[in-house]
Amino acid sequence: MTQNVLVTGGAGYIGSHACKKLRAAGYVPVTFDNLSTGWEDAVKFGPFERGDLLDRARLDEVFSKYQPITVMHFAAFSQVGESMKDPGKYWRNNVIGSLQLIEAAADAGCLNFVFSSTCATYGDQDNIVLNEDSVQLPINSYGASKRTIEDILANFEQSHSLKSVIFRYFNVAGCDPEGEVGEFHQPETHLIPLMLDAITEKRDALTIFGTDYDTPDGTCIRDYVHVCDLVDAHVLGLKWLENDKGSRVFNLGTGKGFSVREVLEQSRVVTNKQVPHVEGPRRAGDCTKLVSGSERAVTELGWLPERSNMKTMIEDAWNWHQTGHYEK
Ligand code: UDP
């Protein structure tokens, strides 16, 4: 029997990599995406259903057509800076959209749900290495919106026996080493693609957002995970639910943090070119340090991150940057 997985946001950066991995694992990824930030060119591994999470009738139609065994929910707005300027956009799309999806899934009897949450739900916590039991005190609207969806999932477990695997991502980077899919945001706001753009003069110098943080070199520290490792964890999460292991939260980090300046330096090493940059003020909503171990994912899911070292992530991103693109 065909095993359909409904992948919201399957036309986006992480969702498209997940579709490739699902296909390789023998599932049929059905992409549900409104193309607000995704690319139809990135939907290569299964059917495409264009639709918006806020359109309940469209969701019902797609659930009825494909009868998915699991939902993987990637579709969301995810820019910290923007979420501070336009919180309504984040609460409407991320929270109300997710609620519509969760209700549609529950009503369709699709009770396995894999959810993309974020380290931004933890907030700023005195330079500690986080784990899944760390208190969640988000300091930006993006993190708050994701935290709320986690709560909704817990409520639907009580009411409808909906089981969820929640992944709290740290900073996702790199691309498919085979170059079939990659990272392409319009506008781009993420550090590594912006650096590569600055190196190739596709845009002006990179601005370092804040040099007065309480870190060794004054710039923010983040824990970077390769997108291929991240989506591997999602397939393990799906199998976890298939095996009736119950709802669980997993952090996906490496336990090692890199400051903005350290990422810049690694980019210089990989590309053999200086990253043009200037120093600027802090960006609203940024935490000083977000780093997590992945002990739980490793021991319980059997997750084996293989490409999550900074050199490989930048090499893969650089490769895609020079060869890959999508067209609207
Ligand atoms: N950053 C920066 N300049 C930029 C973009 C990002 O200094 O033009 C910093 C940002 O402040 C953060 C880190 O790079 O400390 C990673 O930011 P990104 O937006 O890639 O991911 P986020 O941590 O917001 O999810």
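Per an unreviewed UniProt entry, the protein chain goes by UDP-glucose 4-epimerase and derives from Pacificibacter marinus. The heading Sequence similarities (unreviewed entry) in the UniProt record of the protein chain holds the text "Belongs to the NAD(P)-dependent epimerase/dehydratase family." In UniProt, the protein chain has this text filed under Cofactor (unreviewed entry): "NAD(+)".

### Observations concerning the domain arrangement of the protein chain
Parsing the protein chain into structural domains produces domain 1 (4-173 + 224-252) and domain 2 (191-221 + 255-323). For domain 1 and domain 2, the distance between their C-alpha centres works out to 23 Å. With 33 residues of domain 1 at the interface, the matching set in domain 2 holds 32 residues. Across the domain 1/domain 2 interface, buried area totals approximately 2800 Å², and carbon plus sulfur atoms make up 59% of it. Where domain 1 packs against domain 2, one counts 3 salt bridges. The tally of links between domain 1 and domain 2 comes to 13 residue pairs in polar contact (both at pLDDT 80 or more). Broken down by secondary-structure element, the contributors of at least two residues to the side of domain 1 that touches domain 2 are helix 3 (80-85), strand 10 (224-226), helix 7 (227-242) and strand 11 (248-252). Partitioned by chemical class, the residues of the side of domain 1 that touches domain 2 number 20 nonpolar, 7 polar and 6 charged.

What counts and how
Position labels on residues start from 1 in each chain and follow its written sequence. The predicted nature of this model means local features are confined to residues of pLDDT at least 70 and side-chain atom pairs, given and counted, to a pLDDT of 80 or more, with totals for whole chains, interfaces and linings taken over all residues. To get the side-chain values, take all heavy atoms of the structure and skip hydrogens and water. UniProt positions are given in the numbering used here, feature names are shortened, and annotations may be inferred rather than shown by experiment. An automatic or database domain assignment supplies the residue ranges for each domain. Contacts are assigned to residue pairs with any non-hydrogen atoms lying within 4.5 Å of each other. Joining two parts hides part of their accessible area as seen by a 1.4 Å probe, and the buried area is that hidden amount summed over both. We define a salt bridge as a contact between a side-chain nitrogen of Lys or Arg and a carboxyl oxygen of Asp or Glu at a distance within 4 Å. As used in this structure description, the phrase polar contact means that two N or O atoms lie within 3.5 Å; if the pair is within protein, one of them must be able to donate a hydrogen and the other to accept it, and residues adjacent in sequence are counted only when both atoms belong to side chains. Helical segments are the DSSP runs of H or I of at least four residues, strand segments are the runs of E of at least two, and each set is numbered from the N terminus. Three residue categories are used. Nonpolar comprises Ala, Val, Leu, Ile, Met, Phe, Trp, Tyr, Cys and Pro, charged comprises Asp, Glu, Lys and Arg, and polar comprises the others, including Gly.

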